[in-house]
Amino acid sequence: MHKSDVGLVGLAVMGRNLALNMLTKGYRVSVYNRTPGRVDDFLRAQGNNVTGTYSLPELVNSLKTPKIILLMIRAGEAVDNIIDRLVPLLNKGDLLIDGGNSFFRDTIRRTQALGKAGILFLGAGISGGEEGALKGPSIMLGGSSCGWEQAAPLLRAISARAPDGTACCAYFGSDGAGHYVKMVHNGIEYAFMQAIAECYFIMKRLLKMPAEKIGHTFTQWNRGKLSSYLIEITGHIFSRIDGESGKPLVELILDLAEQNDTGKWAAAEALNLGVPLSNIAEAVFIRYLSALKEERTAAARLFNSPLREGFPKKEDEEKNKDIKDEDEETNISDLENALYATMIISYAQGFALLGKAALQYGWYLNASEIASVWRAGCIIRARLLDTIIDAYQIKPKAKNMLLMPAFKEILPGLTTGWRKVICLSVQEGVAAPVMASALGYFDMYLTDYLPTNLVQAQRDYFGSHGYKRIDQEGLFHTRWL
Ligand code: NAP
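Below you will find a few notes about this structure.

1. As for the overall build of the protein
Along the protein, the regular secondary structure elements total 21 helices and 10 strands. Computed over the C-alpha atoms, the radius of gyration of the protein is 25 Å, within 12% of the 23 Å expected from 2.2 N^0.38 for a compact globule of 481 residues. If one aligns the C-alpha atoms of the protein with their principal axes, the spans along those axes are about 75 × 70 × 45 Å. Across the 481 residues that make up the protein, the buried fraction comes to 51%. For the protein, restricting intrachain contacts to residue pairs at least 6 apart in sequence, the fraction spanning at least 24 positions comes to 67%. Put simply, the protein shows about 23700 Å² of open surface, and 54% of that area lies on carbon and sulfur atoms. Of the side chains in the protein, 53 bear a positive and 52 a negative charge, and the two mean positions are spaced by 4 Å.

2. Brief notes about the pattern of salt bridges
Using the criterion set out here, one finds 16 salt bridges in the structure. Between Asp 164 and Arg 375 there is a salt bridge whose closest N-O contact spans 3.3 Å. In this pair, Asp 164 is assigned in the loop between helix 7 (145-158) and strand 8 (169-171) and Arg 375 in the loop between helix 16 (367-373) and helix 17 (384-394), connecting sequence segments 211 residues apart. The class of Asp 164 is exposed, set by a relative accessible area of 54%. By sharing partners, the salt bridges in this structure join Asp 80, Asp 98, Asp 106, Arg 109 and Arg 110 into a single network.

3. Digging into the site of the ligand
Close to the ligand lie 20 residues, the nearest being Met 14, Asn 33, Arg 34, Thr 35 and Arg 38. Here an oxygen atom of the ligand sits 2.6 Å away from a polar atom, N or O, in the side chain of Arg 38. The contact in question runs from an oxygen atom of the ligand to an N or O atom on the backbone of Asn 101, over 3.0 Å. Summarising the interface, the protein chains cover 79% of the accessible area of the ligand, which totals 880 Å² for the free molecule. Looking at the shell around the ligand, the elements with two or more residues in it are helix 1 (13-24) and helix 4 (77-86). By residue class, the composition of the shell around the ligand is 10 nonpolar, six polar and four charged.

4. Overview of the sheet that holds strand 3 (residues 50-52)
What the eight strands build is an open sheet, ordered 3-2-1-4-5-6-7-8; its pairing is mixed. Edge strands, defined here as strands with exactly one partner in the open sheet, are strand 3 and strand 8. In this sheet, neighbouring strand axes are inclined to one another by 20° on average, regardless of whether the strands run parallel or antiparallel. Where helix 1 meets the sheet, its contacts fall on strand 1 (6-9), strand 2 (29-32), strand 3, strand 4 (68-71) and strand 6 (120-127), and the angle it forms with strand 1 comes to roughly 165°. Along the sheet, helix 5 (residues 104-116) contacts strand 5 (95-98), strand 6 and strand 7 (138-143); its crossing angle with strand 6, the most-contacted strand, is approximately 155°.

5. Digging into a nonpolar patch on the surface
There is a patch of nonpolar side chains on the surface, built from Tyr 461, Phe 462, Trp 480 and Leu 481 and spanning about 570 Å² of accessible area. Residue placement: Phe 462 occurs in helix 21 (residues 452-463). Residue Phe 462 is classed as exposed on the basis of its relative accessible area of 65%.

6. Considering the packing of helix 8 (residues 177-206) against helix 9 (residues 211-221)
Running from N to C, helix 8 and helix 9 cross one another at 135°; their axes reach a closest spacing of 10 Å. When the interaxial angle is binned, helix 8 and helix 9 end up oblique. Along this stretch, helix 8 crosses helix 9, giving a crossing that reads as right-handed. In this structure, helix 8 uses Ile 196, Cys 199, Tyr 200, Met 203 and Lys 204 to contact helix 9, whose residues at the interface are Ile 214, Thr 217, Phe 218 and Trp 221.

7. A few points about the packing of aromatic side chains
Under the defined criterion, the tally for this structure stands at 23 aromatic pairs. With a centroid separation of 4.7 Å and an interplanar angle of 75°, the aromatic rings of Phe 104 and Tyr 180 are classed as edge-to-face. Remark: Tyr 180 occurs in helix 8 and Phe 104 occurs in helix 5; sequence separation between them is 76 residues. Pair check on accessibility: Phe 104 and Tyr 180 agree, each one buried. Ring geometry for Trp 418 versus Phe 442: centroids 5.3 Å apart, planes at 45°, classification tilted. Within this pair, whereas Trp 418 is found in helix 19 (residues 415-428), its partner Phe 442 is found in helix 20 (residues 433-445), the two being separated by 24 residues in sequence.

8. Considerations on the environment of Asp 390
Among the secondary structure elements, Asp 390 is positioned in helix 17. The sequence separation of Asp 390 and Ser 368 amounts to 22 residues, and the corresponding C-alpha distance is 7.5 Å.

9. Points about the nonpolar core
In terms of nonpolar packing, the biggest core is built from 94 residues, with Tyr 180, Tyr 347, Phe 351 and Trp 374 touching the most fellow members. Ranked by residue count, the leading element in this core is helix 15 (residues 325-361), at 18 residues. For this core, the domains that each give at least three residues are domain 1 (6-175) and domain 2 (183-445). Excluding residues that lie within four positions of it along the chain, Phe 351 makes contacts with Ala 367, Ile 370, Ala 371, Trp 374, Ile 388, Tyr 392 and Met 401. Core analysis: the next-biggest nonpolar cluster, separate from the first, contains 34 residues, Tyr 27, Leu 70, Leu 122 and Cys 169 among them.

What counts as what
Residues numbered from 1 in each chain as written. Predicted model: local features only at pLDDT ≥ 70, side-chain atom pairs only at ≥ 80, totals over all residues. Heavy atoms only, no water. Helix = DSSP H or I, 4+ residues; strand = E, 2+ residues; numbered from the N terminus. Rg over C-alpha atoms; globule rule 2.2 N^0.38 Å. Buried < 20%, exposed > 50% of the residue type's maximum accessible area, 1.4 Å probe, protein only. Contact = heavy atoms within 4.5 Å. Areas by Shrake-Rupley, 256 points an atom, 1.4 Å probe, with all protein chains shown as cover. Lys, Arg positive; Asp, Glu negative; His and termini not counted. Charge placed at Lys NZ, Arg CZ, Asp CG, Glu CD. Salt bridge = Lys/Arg side-chain N within 4 Å of Asp/Glu carboxyl O. Near = heavy atom within 4 Å. Polar contact = N/O pair within 3.5 Å; in protein donor to acceptor, adjacent residues only side chain to side chain. Nonpolar A, V, L, I, M, F, W, Y, C, P; charged D, E, K, R; others polar. Pairing = 2+ DSSP bridges. Axes fitted to C-alpha atoms, helices over the stretch in contact; angles between N-to-C directions. Patch = residues over 30% accessible without salt bridge, like charges linked within 9 Å, V, L, I, M, F, W, Y side chains within 5 Å. Parallel < 35°, antiparallel > 145°, perpendicular 65-115°, else oblique. Left-handed = near helix turned anticlockwise from the far one by under 90°. Phe/Tyr/Trp six-rings, centres within 6.5 Å; stacked < 30°, edge-to-face > 60°. Core = buried A, V, L, I, M, F, W, Y, C linked by side-chain atoms within 4.5 Å. Domains from an automatic or database assignment.

Scope: geometric values only; no functional claims are made or implied.
As C-alpha cells, this is what we get:
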C-alpha cells in the first residue's frame, strides 16, 4: 500500500475541504474522523490518492516517515484528547499541526508538553472558511521552527495566493504565535462585521432603502476603497430572495448573533495587556446583547420602541419620497467614509495589540508580513491591506497605524462624513456602537490632554493614590476635604 504524505483528523467542513485542497495539489492524504460515517462519505466522493482510516493507529501506520498529521477538529478538550491518544503512536521528529481555532495559551502548553516528548508541534490559524479551505486559506503559524521547515512546502502549496503570487502562509514565532495572530484576525473580523451591519441598519431604518438597493450599494462599495471579502459577500447576501415568501432571505434570519471564542479572547487579551481594543470589544459585546433576544423584545414593548421589524413598506416609501436622491447619495458617501474609517481603526487596534504581544511573548510579529498574509484567502482580506503593508514597510516599528503618514493623509478626509453618520444615528436612535466607538478612539488618541486628570484627582480624593503634575516633578497627594 502507498503511504500517504499527510494525515488529516476531522472531516467536518474545514477538514474535508483542506483534504480536497491537498489532493488537488498532488499530495496523498490519509483521513480519520471520530464518527466513521464522515470517512465513508469522503471516500465515496473522493477515492483517488486517499486512504480512509477508522482508528488513530491505522491513520499513523498509513503515513510516510516523518509523519505529518493535521488536526481539524473542534478546539478545546477534543484537541488534548486526540493529542494524548496520538503521542504514544508517534516517534521523535514526527509533526502534529493543530489547524483549529485553539486558544494561544493552550498552544503554548501543548508545544511545551509535546516538545518534551520529541514531537514537533505547530499551531496553525487557518482562515477562509469553507471556500478558503478548499481553494486556498490564509495560514498563520507558530510553534516548532523545525516543524515549520518540515511542513512549509505542503502548507504553502495549499494556501491562498496574494495578487503578486506570494503564498499567504507565514511563520510568526514560537508556540502560540500563529494562533495569536488568528485570534486578532478574528477580533478585527468581528468589528468589521458589526460595522457593516450598522451601515445596513442606517440604510434600512434611516434612509428607508429597500433590500435590493442596500445590496447594490454594498456591491458598489466593493469596487472602491472598501473593496473586501466581507463587503463583497454582504452585497451577495442582500440579493438572495427566499423562495417561499419572496422576501429578502436576510430579513427572515433571527437577529441573534452567535460566536466562537476568538473575539472574546482577543478582547480579554487586550484587557490583560492594557491595549485599547475598544472596537473589537464593542463588537463582541453587541453579539452578547443580540443574544438577549427575549429581554430586548420585552424592553421594546415596554418603551414602545418606534423601530419596527421588517423593511419599509410601500406606503412608507411613498411617505419618504422627501428623501431626495441627492440627499441619499450624500448620506451613502458619508456612510462609506464612516465605515472605511472604522475599518482603519479596527486594523489599527488589532496591530497595536499584536505589537504589544510581540514584546510580551517574544514573538516575531512583523506587521507588514501579517498584513501580507491577510491579503488573500482570509475573511478580513481587503484592499486597505496594501496601504497597511506599505506603511509598515516604511515605519516597521510604529506603535500605531495612526502615527503613519499614510493614515494622516487618509483619515482627515473621512471625518466629516463619519461625524455626520454618528450624529444622525444618535439623534434618530439607530445605534452604531462600533462606528461610534471607533470615532471616540480616534478623537481621544489624537488628543494630548484628556480629562483623565480629573480621574486622577478623584482617585487621590477617595484612595490617596497620589497624582503627578504637569508643572512639577514628583508624586503629589492633596487632603481634598
Ligand atoms: P467543527 O464543527 O468545529 O468540529 C467538528 C469536527 O470536530 C468533527 O470532525 C468532529 O468529529 C470533531 N470532533 C469534535 N469533538 C471531537 C472529539 N472529542 N474527538 C474527536 N473529534 C472531535 O468543524 P469545522 O467547522 O470544520 O472546524 C474545525 C476547526 O477549524 C475548529 O477548530 C474551528 O474553530 C476551526 N475553523 C473553522 C472555520 C469555519 O468556517 N468552520 C474557519 C476557520 C477555522 P465528529 O464528526 O465525530 O463529530
